[in-house]
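# Fold and contact review
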Amino acid sequence: MLSDDLKNDFDALLPAGATGEAGPSRRTALKVLGVGYAAAAGTAMAQTAIKTGAEGLTAGPVEYEVNGFKVPAYRAAPAGRTGLPVVLVVQEIFGVHEYIADTARRFAKAGYLAIAPDLYARQGDASKYTDIARLQAELVSKVPDAQVLADLDGALKWAGAHGGDVSRAGVTGFCWGGRITWLYAAQGPVKAGVAWYGRLVGNSTELTPKHPVDVAAGLRAPVLGLYGGADTGIPQDTVDKMKAALAGGSPAARASQFVVYPDAPHAFHADYRPSFRQGPAEDGWNRALAWFKANGVA
């Protein structure tokens, strides 16, 4: 059985207009979206997926150790350069696949050392799953927030030892990673965050004791929230709750902002899926780069 929070995450992945619980709509969604990069792309991949080459970059897999565990990650950076601003790229719910790696290369082309750690690695391999509900129930639901935040600390430490300037660090994340972006901005040593359609509220559990709305007032770094007005899994009243929590908080909380694209669904930046919306995706990307620059990351 999925928790209410995981059901909400699942529903946000359903194609526009699809409804229902465990019936035909969910089975249809699995056929359309799949899990991982290739399966989720479907026929949309060839038409919309952005291909960012590694020319001029140092890019590929790396690993670093946290609490005795070697965390795998994908990193991309301008070749031969040091003192680079750092951006932590936090995976969407499907893990670190080609879309996340490509996003890291896009940041590298913009002058960043980008690192995307596999934050599920201790619990399993997201790419092995072909069913979203099983992925959530058997893997994602077992990943503790404390582990994730510690692994992001480790990624930042690795970046600092490999050409990155950790005094100029930012964090960005998509879907599952959007929620994590808010949490990390409340405790991590970053100057700014950009959260793409991350869930803002939820039930408190042993593994997920707090959610963005719970830590909003204490943010240590301002966050730009990029959200879709047609996102079925993130109601606009939760955005309003988050805005209210930010308004009464720390200077970083009060400096945080939201941009809501009225007709955009969940995962509108995911160019390999039918949810992709070019206008909001491009605008959001430009805003993300400008946000990092304005807040001392770039």
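The sections below set out a description of the structure shown in this document.

Rules of the game
Residues numbered from 1 in each chain as written. Predicted model: local features only at pLDDT ≥ 70, side-chain atom pairs only at ≥ 80, totals over all residues. Heavy atoms only, no water. Pairing = 2+ DSSP bridges. Helix = DSSP H or I, 4+ residues; strand = E, 2+ residues; numbered from the N terminus. Axes fitted to C-alpha atoms, helices over the stretch in contact; angles between N-to-C directions. Contact = heavy atoms within 4.5 Å. Salt bridge = Lys/Arg side-chain N within 4 Å of Asp/Glu carboxyl O. Buried < 20%, exposed > 50% of the residue type's maximum accessible area, 1.4 Å probe, protein only.

With mixed pairing, the 8 strands of this open sheet are ordered in space as β1-β2-β4-β3-β5-β6-β7-β8. The open sheet has two edge strands with one neighbour each: β1 (57-66) and β8 (257-261). If you compare each strand with its neighbour and ignore which way they point, the axes differ by 20° on average. When strand β2 (residues 69-78) meets strand β4 (residues 113-117), the two strands line up antiparallel, connected through 4 bridges. Residue pairing in the sheet places Ala 76 in a bridge with Ala 114 of β4. The strands that helix α5 (residues 98-109) touches are β1, β2, β3 (84-90), β4 and β5 (164-174); relative to β2, the one it contacts most, it runs at about 45°.

Although it is not a glycine, Asn 67 adopts a positive phi angle of roughly 50°. With respect to the secondary-structure elements, Asn 67 resides in the loop between β1 and β2.

Turning next to the pattern of salt bridges. Scanning all chains against the criterion turns up 11 salt bridges. Here Arg 106 makes a salt bridge to Asp 102, at a shortest N to O gap of 2.7 Å. Here Arg 106 pairs with Asp 102, and both are found in helix α5, just 4 residues apart, close to one helical turn. Comparing Arg 106 with Asp 102, the two get one shared label, buried. Arg 134 is paired through a salt bridge with Glu 138; the nearest N and O atoms lie 2.9 Å apart. Here Arg 134 pairs with Glu 138, and both are found in helix α6 (residues 132-138), just 4 residues apart, close to one helical turn. On the basis of relative accessible area, Arg 134 is assigned to the partly exposed category, the value being 43%. According to the relative accessible area criterion, Glu 138 is partly exposed, its value standing at 32%. Taken together, the salt bridges that share partners define one network made up of Glu 98, Asp 102, Arg 105, Arg 106 and Asp 271.

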